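The residues making up each chain are set out below.
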Amino acid sequence: SSFWRRRLDTAGIVDPSAAEAGDLRRLPPLTKDDVMEHWDEISTVPGMTRQAAEAHLASLRDSRPGSMTAWHSPITGEEVMFFATGGSSGCRGLFAWDWDHLTKSAL
């Protein structure tokens, strides 16, 4: 994504595929504020914008008829699950995981 390209460039990591663990120390920590501020730039799923994620979560919260638990990209059909934090820290977090990540994380 354009967000990660800029972060890697700023850290002097030109070829991410050749980066080593020590190179990652040059990257600044990624904060929840960073994620929320640059959500649309971080996303690599076509059509998956922060606005689309918020609207999907609102449809689930409001129990709108036809609401599906998973969101589907209108462009690729990729299936994604959205998760949100409560915001008690002062910054509500919104995160997206695909099924592959969810299943591997559960193991």
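Description of the structure in this document. Predicted model, so just to flag it, every value in this text is computed and none were measured.

1. Description of the pattern of salt bridges
Thinking step 1. Counting across every chain of the model gives six salt bridges.
Thinking step 2. Put simply, R5 and D9 hold a salt bridge, and the shortest N to O gap is 3.0 Å. A residue pair is termed a helical-turn pair when its members lie 3 or 4 positions apart in one helix, as R5 and D9 do in helix α1 (residues 2–10) at four residues.
Thinking step 3. Since its relative accessible area comes to 47%, D9 is described here as partly exposed.
Thinking step 4. Between E54 and R92 there is a salt bridge, and its shortest N-O distance comes to 2.8 Å.

2. Some thoughts on the environment of T44
Thinking step 1. Tracing the sequence through the fold places T44 in the loop between α4 (39–42) and α5 (50–61).
Thinking step 2. T44 sits 43 residues away from S1 along the chain, and the two C-alpha atoms are 6.0 Å apart.

Parameters at a glance
Residues numbered from 1 in each chain as written. Predicted model: local features only at pLDDT ≥ 70, side-chain atom pairs only at ≥ 80, totals over all residues. Heavy atoms only, no water. Salt bridge = Lys/Arg side-chain N within 4 Å of Asp/Glu carboxyl O. Helix = DSSP H or I, 4+ residues; strand = E, 2+ residues; numbered from the N terminus. Buried < 20%, exposed > 50% of the residue type's maximum accessible area, 1.4 Å probe, protein only.

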